[in-house]
Amino acid sequence: MWPTALKAGFWRRNSRSARSITCSGVTASILAVSVAMAGTWPKARNCRAIWSARAEATWQDPRDEDRGAPLARRAKRFGSAGVDWAAGRWRLGAEWVGAGPRPDAGVVLGGYGLLNLSAGWTLRPGWTLSARLDNAADKAYTLVQGYNTEGRRVLFTLAFDGT
């Protein structure tokens, strides 16, 4: 039997924000916007012995209520899925993270999907050495129009848990 956790929900958030900046005693209003975001998200997690899997997705409609326009850099759909294996002192994992197209500065940025990999080894009780390879396929993608994003990246961690 596979223990499974399933969650789902609906959310709505309305906010009104105004931002200003003060320089040399002069204050200028930069942005005043009314935002409504509503969405739904299913989330699942499943474990069996040394394997675990997870997935979640969000569907939303992020809008600037004053202008009736979509919010910049907010995808209507995004999500992730992953699988992990752990046995003895070893742990391996893979995850996919993706987002749909989103508007930014008058253009529509394309959606993207990234593959991330991880590995960990327990050196001794309390000590773990881990490595993570983000964007393993070195996918070119844009989060903000006109700005570069990192390509492939490797992170190493030596962690101590004294509990």
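Overview of the structure. All values reported here derive from a predicted model rather than from experimental measurement. (Residues numbered from 1 in each chain as written. Predicted model: local features only at pLDDT ≥ 70, side-chain atom pairs only at ≥ 80, totals over all residues. Heavy atoms only, no water.)

As a further point, take the overall build of the protein. Within the protein, the regular secondary structure consists of zero helices and twelve strands. Reading the helices (α) and strands (β) of the protein from amino to carboxyl end gives β-β-β-β-β-β-β-β-β-β-β-β. A buried classification covers 23% of the 163 residues belonging to the protein. Considering only contacts within the protein whose residues lie at least 6 apart along the sequence, 45% involve residues at least 24 apart. Summed over all atoms, the accessible surface of the protein reaches about 11200 Å², with 59% contributed by carbon and sulfur. (Helix = DSSP H or I, 4+ residues; strand = E, 2+ residues; numbered from the N terminus. Buried < 20%, exposed > 50% of the residue type's maximum accessible area, 1.4 Å probe, protein only. Contact = heavy atoms within 4.5 Å. Areas by Shrake-Rupley, 256 points an atom, 1.4 Å probe, with all protein chains shown as cover.)

This brings us to the environment of P42. The topology assignment puts P42 in strand β2 (residues 26–48). Its relative accessible area of 34% is what places P42 among the partly exposed residues. A C-alpha to C-alpha distance of 5.8 Å links P42 and K7, two positions 35 residues apart in sequence. When neighbours within four sequence positions are excluded, P42 is seen to be in contact with K7, A8, A55, E56, A57 and W59.

A full pass over the atoms with the stated rule returns ten salt bridges. Across the pair D104 and R73 runs a salt bridge whose closest N-O atoms are separated by 3.2 Å. Here the residue D104 occupies a position in strand β8 (residues 102–104), and R73 occupies one in the loop between β5 (69–70) and β6 (77–87), the gap between them amounting to 31 residues. On the basis of relative accessible area, D104 is assigned to the buried category, the value being 3%. A residue is classified by how much of its surface remains accessible, and R73, at 43% relative accessible area, is partly exposed. Across the pair R153 and E150 runs a salt bridge whose closest N-O atoms are separated by 3.4 Å. Connected through shared salt-bridge partners, R54, D84, E95, R132, D134, E150 and R153 make up one network. (Salt bridge = Lys/Arg side-chain N within 4 Å of Asp/Glu carboxyl O.)

Here we take up the nonpolar core. A75, A99, Y112, L114 and Y141 form the largest nonpolar core, which has five residues in total. Among all residues touching A75, those that are not within four sequence positions of it are Q60, P62, A99, G100, P101 and R102. (Core = buried A, V, L, I, M, F, W, Y, C linked by side-chain atoms within 4.5 Å.)

A few words on the side chain of Q60. Looking at the element boundaries, Q60 is found in strand β3 (residues 51–60). On the basis of relative accessible area, Q60 is assigned to the buried category, the value being 10%.

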